[in-house]
Amino acid sequence: MSLIEEYEEGEYERAPKRLKTMDVEEGEDLEEGEDSDSASAGLLGDEEDATGSGGENRARWSASNYVSGRKDNGEDAHRIAPSSVVHVRGLCESVVEADLVEALEKFGNICYVMMMPFKRQALVEFEGMESADKCVACGANEAVYIAGQQAFFNYSTSKRITRPTNSDDPNSGNKVLLLSIQNPLYPISTDVLYTVCNPIGNVLRIVIFKRNGIQAMVEFETVQNAQKAKAALNGADIYAGCCTLKIEYARPTRLNVIRNDNDSWDYTKPFLVRRERGKGRQRQAILGEHPSSYNDNGYGSHCPLLPLPSNNRYKRSSHDMPEVVAYPLPQTSSYMSHASSSVAMVSGLHAAKMNCTRIFNLFCLYGNIEKVKFMKSVPGTALVEMGDEYAVDRAITHLNSIKVFTKRLNVCVSKQHAVIPSQVFELEDGSSSYKDFAMTRNNRFSSAGQASKNIIQPPAAVLHFYNVPPCVTQDQLQRLCTEHDVPAFIKFKVFDAKPSSKTISGLLEFDNKTHAVEVLTVLNHHQIRIPNGSNPYTLKLCFSTSSHL
């Protein structure tokens with residue numbers, strides 16, 4: 001078993017799943033300014049109600065009522081019992097854990113913080129009930145500002161925040177941090193994470209694994225360095241609007257690295273052999289607003305990227321920084337020798353059930369699709385030209401080796417740099433072997449704003465549907481599955497829509513991931529017509545962040 005497989009299958013991979021349950025329990029409402037009328041794909045806000053049985057999920061208050069815990073008529077509204085854990089709402093997008101600690105430590109010692117960055121919420125556990133009482137009472141009587149923006153407070157339904165380490169000591173820490181990278185629009189490598197983490201404290205080892213999304217473990221030299229890094233980086237974006245860090249303490253106290261490459265690195269052993277990967281897969285990550293493009297003068301300079309506290313108390317001083325870097329960083333030239341490509345090659349396609357449109361329906365979740373062409377000389381194989389090489393990298397990460405119509409897909413980087421419409425022929429279903437999607441409105445990454453609304457998710461058994469007319473029922477969606485000969489869903493949930501909303505959204509749960517993939521492949525972008533309607537509605541699907549309903 002490889003090193004990465006050991007970390008993926010080990011006991012400490014289960015920790016994020018427990019934390020996710022807490023996320024859903026506490027993150028019950030859409031934030032102010034967010035819209036659940038199906039304008040975007042896979043927004044976490046759209047899926048926060050996935051487990052409607054949560055205690056706080058039953059209380060829907062405005063910001064002012066949330067503080068007081070009362071309805072407009074003055075009666076008690078689902079009053080929550082006092083707890084040493086405080087639920088914080090209304091945070092600004094750039095807030096990190098250190099900002100909460102700085103603003104709330106005046107109420108008492110804080111022993112743990114859990115960030116929910118996409119919901120602009122957090123859980124703060126105080127050492128004593130008295131401190132939590134002070135925090136909630138103060139927030140009800142006067143404005144409390146965190147990172148320059150007023151926040152709102154109430155007791156949490158939880159009496160204690162679950163730690164991945166499962167320790168009884170509320171102040172326990174670990175020098176190994178578990179990083180979950182949410183909405184990873186750009187590749188995450190050991191070089192990227194080292195550049196992010198090392199300015200705060202000496203990083204010894206990094207391991208990245210990509211089974212359930214993208215996660216990494218970073219081992220620092222001391223527990224104190226890990227604590228500083230968690231405070232400064234928890235909730236921060238690696239790149240603007242994406243690659244958001246959610247950080248917890250990991251279970252292992254030391255990482256074992258057997259090779260230095262993009263997915264693992266031991267900085268105490270600079271001469272471990274770097275594994276060579278396929279052409280086009282290695283590229284140097286450039287931090288900043290987004291990965292810089294390469295020109296004759298090389299890559300652009302590094303730009304500020306992390307919203308560290310203004311007093312920089314978590315950054316190391318100059319005398320703490322090593323004068324000489326003792327490990328070999330990859331050189332730009334070594335990466336440029338392997339030219340990247342924006343074309344993916346997909347093999348293992350079902351000859352009778354797959355066509356250009358269905359490939360688009362699946363791959364569009366990870367980037368814009370320009371062209372799709374089936375290869376006449378290699379049956380069951382197609383070339384997919386995407387918007388850029390990052391989209392190809394995301395597609396490979398999430399779609400390689402998944403099963404679609406009993407066939408296992410193989411997705412890799414193509415040697416071609418563009419798809420040329422030559423040797424066009426008819427597929428088994430009668431459609432063309434080539435299709436241009438460059439001008440379709442169904443591409444979901446056509447602008448920075450549009451791209452930021454997509455949450456990059458691996459295939460899952462739960463689909464998020466949106467842009468559906470309000471008159472469509474559960475039975476009608478079930479009949480749609482039957483008519484197109486795809487598996488039926490086993491659970492169905494519709495999100496509460498605003499009165500002015502012209503569409504609805506919700507979740508569909510299937511027996512397994514393969515069934516969900518097949519339904520998305522066939523029904524994504526299906527045209528739904530309603531009686532007396534002038535234009536059809538385009539059903540849009542994506543993989544949900546929820547594991548079940």
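Residues numbered from 1 in each chain as written. Predicted model: local features only at pLDDT ≥ 70, side-chain atom pairs only at ≥ 80, totals over all residues. Heavy atoms only, no water.

Enquirer: Looking at this structure, how should I read the sheet that holds strand β7 (residues 203-209)?
Expert: Hydrogen bonds along the backbone pair up the strands of a sheet, which may run parallel or antiparallel. Strands sit in the order β9-β10-β6-β8-β7-β11 across an open sheet of 6 strands; the sheet is antiparallel. In this open sheet, the two strands that pair with only one neighbour each are β9 (237-239) and β11 (264-266). Shown here is a sheet whose adjacent strand axes are inclined to one another by a mean of 25°, direction ignored. Note: β7 against β11, 3 bridges, orientation antiparallel. The residue bridging Arg205 from the neighbouring strand is Asp266, located in β11. Docked against the sheet, helix α6 (residues 190-197) engages β6 (176-182), β7, β8 (214-220), β9, β10 (242-249) and β11, running at close to 135° with respect to β7. Lying on the sheet, helix α7 (residues 223-233) is in contact with β6, β8 and β10; it crosses β10 at an angle near 140°. (Pairing = 2+ DSSP bridges. Helix = DSSP H or I, 4+ residues; strand = E, 2+ residues; numbered from the N terminus. Axes fitted to C-alpha atoms, helices over the stretch in contact; angles between N-to-C directions. Contact = heavy atoms within 4.5 Å.)

Enquirer: Just checking my understanding: could you explain the packing of aromatic side chains for this structure?
Expert: Working definition: an aromatic ring pair is given by the centre-to-centre distance plus the angle between the planes. As enumerated under the stated definition, the model contains 9 aromatic pairs in all. With a centroid separation of 5.9 Å and an interplanar angle of 20°, the aromatic rings of Trp265 and Tyr267 are classed as stacked. A single burial state applies to Trp265 and to Tyr267, both of which are buried. Centre to centre, the rings of Phe360 and Phe437 are 4.5 Å apart; their planes meet at 15°, and the pair counts as stacked. Of the two residues, Phe360 sits in helix α9 (residues 356-363) while Phe437 sits in the loop between β18 (434-436) and α11 (448-452), which places them 77 residues apart along the sequence. Phe360 gets classed as buried once you look at its relative accessible area, which sits at 2%. Here the aromatic residues Phe465, Phe489, Phe492 and Phe510 are joined through ring pairs into a cluster of three or more. (Phe/Tyr/Trp six-rings, centres within 6.5 Å; stacked < 30°, edge-to-face > 60°. Buried < 20%, exposed > 50% of the residue type's maximum accessible area, 1.4 Å probe, protein only.)

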